[in-house]
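A look at the structure
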Amino acid sequence: MKSVGIAAAVSAALFSCASFAAPGFVDSGPNLSDNGASGAWTALYATRNPAGSEFAIAPESSFRLGILSSIGLSMEVGPVDNFSDEIDDLIDQLDRDDISLAEGNALVDRFNAILGPLSRDGYVKVQGGVQVPLFPILYRNSLGVFTLDANISGQARLGLLDAPLTYNSVSEEIETASAAYVKAGRVNELALGFSRPVWQQPGRRLIVGGSLRYLQATLSKQVVALESIEDGDEVQDVLKDSYDANERKSSNVTVDVGAIYDASNYRVGVTFANLTEPDFKYGAIGSNCGALSGSAQYNCFTAAYFGNRIALNETWTLERLATLEGAVFFASGRGSLAASVDLNDVHDPVGDLNQNAKIALGYKTLSNWLPDFRVGYRKNLAGTELSSASLGFTFFGAVHLDVSSSLDSTNIDGRSVPRTVAFNLGFEMSY
């Protein structure tokens, strides 16, 4: 399936030049399925709520390390059937110079009827994340639990900017100013966290934590006129070739704080992330076009043409995010029902709105032969409003595998497929 090829190609490109990174575009490790405050599935819980590091390392342990604690990938498509195929077909027709009047008029009618929906609702989005080997590192002493984290995240999105299609009877060609619109981001992060109990009574306690995060963002955007795409190229080639065009790199620092109230059979918590709301800039497009030549100049003028629909100079703000979470435990703590909800929506680097509500059921078998398992459900309360279900397993207390699939579908190549799929695989020291 063509969209899978796009996902693989762009993911390889995104990660090939990333270093430390990011405010996870794909929930890392078991966090993909275990969506609340249940804690000790993974050391990566410490990267969700800074107070969570207290539960991500055993009380009697001094160290816990990730080996390769998470590598994950997700792909999402818009609610438009055959988005990539339709654009590829239009690109092929734009390359022709032997179109008759009757065929030209038929092509004009066909594509003008679908360009609007393709532009409004069609897109392909790829996201991924990789923890740097050995991270996160957790260290417990008499003061509390210290956490050092480093990971890699990347995101790319391809959409369409539509303009009317016309037929040129002199050159026997069809013409349009329609263009592919590519946005991409890599956010490199190194984070230092600390948590400790600040109050406790028999069977209950309050833990607080904070995390100082250094972020390096590399953001890019590009408008590519469909008429400028070379013969034989397809949508996946545009995304591969353009995701890193016009990159701009910037750095900033932000802070997360969190608190968790822990009782004998339940837990509630709150996180306030990105308190400083750091800004990161995209490279400008659609300006100084006269200094360029060839297809670069053509694409520059095309970007300027769409200046009333897209931002030619853009800044991404990593907005503040408040999240409530909670869990109840049963079967002597082996089972958990956990949930979390974002209290506000935020934009990701490519401009999409996200506000997640999640619920998960998990059970630890405490067996070397039967894996621990978890099932989850989430819904984006903003933006796409997509819902998805997830399933995860932990083998031998150390190997995590989690998969997620949208409950919404679209048609690609004549088959009904989920609009979003994701997976995580990881290895870490057992709890």
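Coordinates for the structure precede this section.
If you're wondering where the values come from, they're calculated on a predicted model, not measured in any experiment.

This part is about the state of the cysteines. When the sulfur atoms of two cysteines share a covalent bond, that bond is a disulfide. One pass over the structure, following the stated rule, counts one disulfide. One disulfide bridge connects Cys-289 with Cys-300, the sulfur atoms lying 2.0 Å from each other. Given an S-S torsion of about -75°, the disulfide between Cys-289 and Cys-300 has left-handed geometry. Placement of Cys-289 in the loop between β11 (279-281) and α5 (294-305) and of Cys-300 in helix α5 is noted, with a sequence separation of eleven residues between them. With relative accessibility at 7%, the residue Cys-300 sits in the buried group.

Further remarks concern the packing of helix α2 (residues 83-94) against helix α3 (residues 101-121). Closest axis-to-axis distance for the α2/α3 pair is 11 Å, and the angle between their directions is 145°. Crossing geometry of α2 relative to α3 is assigned as left-handed. The segment α2 lies against α3, with Phe-83, Glu-86, Asp-89, Leu-90 and Gln-93 engaging Glu-103, Leu-107, Arg-110, Phe-111, Ile-114, Leu-115 and Leu-118. Grouping the amino acids of the contact of α2 with α3 by side-chain chemistry returns seven nonpolar, one polar and four charged.

The next thing to look at is the pairing of strand β19 (residues 387-395). Sheet topology places strand β18 (residues 372-380) next to β19; eight bridges connect them, and they run antiparallel. Bridge pairing in β19 places Phe-373 opposite Phe-393. Between β18 and β19, which pair antiparallel one after the other, the connecting turn spans six residues, and Gly-383 there sits at a positive phi close to 60°. Relative to strand β20 (residues 399-406), β19 runs antiparallel, the two sharing eight bridges. Note on β20: the bridge partner recorded for Ser-388 is Ser-406.

Let us now look at unusual backbone geometry. Only a minority of non-glycine residues have a phi that is not negative, and only a minority of peptide bonds are not trans. Note the cis peptide between Phe-135 and Pro-136, where omega equals 0°. Residue placement: Pro-136 occurs in the loop between β2 (124-131) and β3 (137-140). Within the chain, Leu-134 stands out as a residue other than glycine whose phi angle is a positive 80°. Mapped onto the elements, Leu-134 comes out in the loop between β2 and β3. On the basis of relative accessible area, Leu-134 is assigned to the partly exposed category, the value being 46%. Even without being a glycine, Glu-385 presents a positive backbone phi close to 60°. Checked against the element boundaries, Glu-385 lands in the loop between β18 and β19.

Moving on, we come to the packing of aromatic side chains. How two aromatic rings sit relative to each other is set out by the distance from centre to centre and by the angle between their planes. Evaluation of the coordinates by the stated rule reveals eight aromatic pairs. With centroids separated by 4.9 Å and ring planes inclined at 85°, the aromatic side chains of Tyr-305 and Phe-306 adopt a geometry described as edge-to-face. Looking at Phe-306, the relative accessible area reads 1%, which means it is buried. Taking the centre distance of 6.1 Å and the plane angle of 35° together, the rings of Phe-393 and Phe-395 count as tilted. Since its relative accessible area comes to 28%, Phe-393 is described here as partly exposed. Exposure remark for Phe-395: the relative accessible area of 31% places this residue in the partly exposed category. In textbook terms, an aromatic cluster arises when at least three aromatic residues are bridged by ring pairs, as seen for Trp-199, Tyr-261 and Tyr-266. The ring of Phe-55 is capped by Arg-267, whose NZ or CZ atom sits 3.8 Å from the centre of that ring.

Thresholds, definitions, all that
- Residue indices follow the written sequence of each chain, beginning from 1 at its first position.
- For this predicted model, a pLDDT threshold of at least 70 governs which residues receive local features, and a threshold of 80 or more governs which side-chain atom pairs are given and counted, while totals over whole chains, interfaces and linings are taken from all residues.
- Note that water and hydrogens are dropped before the side-chain values are worked out from all heavy atoms of the structure.
- Disulfides are defined as pairs of cysteine sulfur atoms found within 2.5 Å of each other.
- Comment: elements are numbered from the N terminus, with helices defined as DSSP H or I runs of at least four residues and strands as E runs of at least two.
- Buried means the residue's accessible area, taken with a 1.4 Å probe over protein chains only, is under 20% of the maximum for its type, while exposed means over 50%, and partly exposed covers the values in between.
- Interaxial angle, 0 to 180 degrees, is taken between N-to-C directions of lines fitted to C-alpha atoms, where a helix line uses only the stretch in contact.
- Left-handed describes a crossing whose near helix is turned anticlockwise from the far helix through less than a right angle; right-handed describes the clockwise counterpart.
- Residues are treated as being in contact if the distance between any of their heavy atoms lies within 4.5 Å.
- Amino acid classes used here: Ala, Val, Leu, Ile, Met, Phe, Trp, Tyr, Cys and Pro are nonpolar; Asp, Glu, Lys and Arg are charged; the rest, including Gly, are polar.
- Strand pairing requires that DSSP identify at least two bridges connecting the strands.
- Pairs were defined over the aromatic rings of Phe, Tyr and Trp, the Trp ring being its six-membered one, requiring ring centres within 6.5 Å. Orientation was assigned from the angle between planes: stacked under 30 degrees, edge-to-face over 60, tilted for the rest.
- We call a charge positioned above a ring when the Lys NZ or Arg CZ atom is no farther than 6 Å from the ring centre and deviates by at most 35 degrees from the ring normal.

Geometric descriptors of this kind do not, in isolation, establish any biological role.
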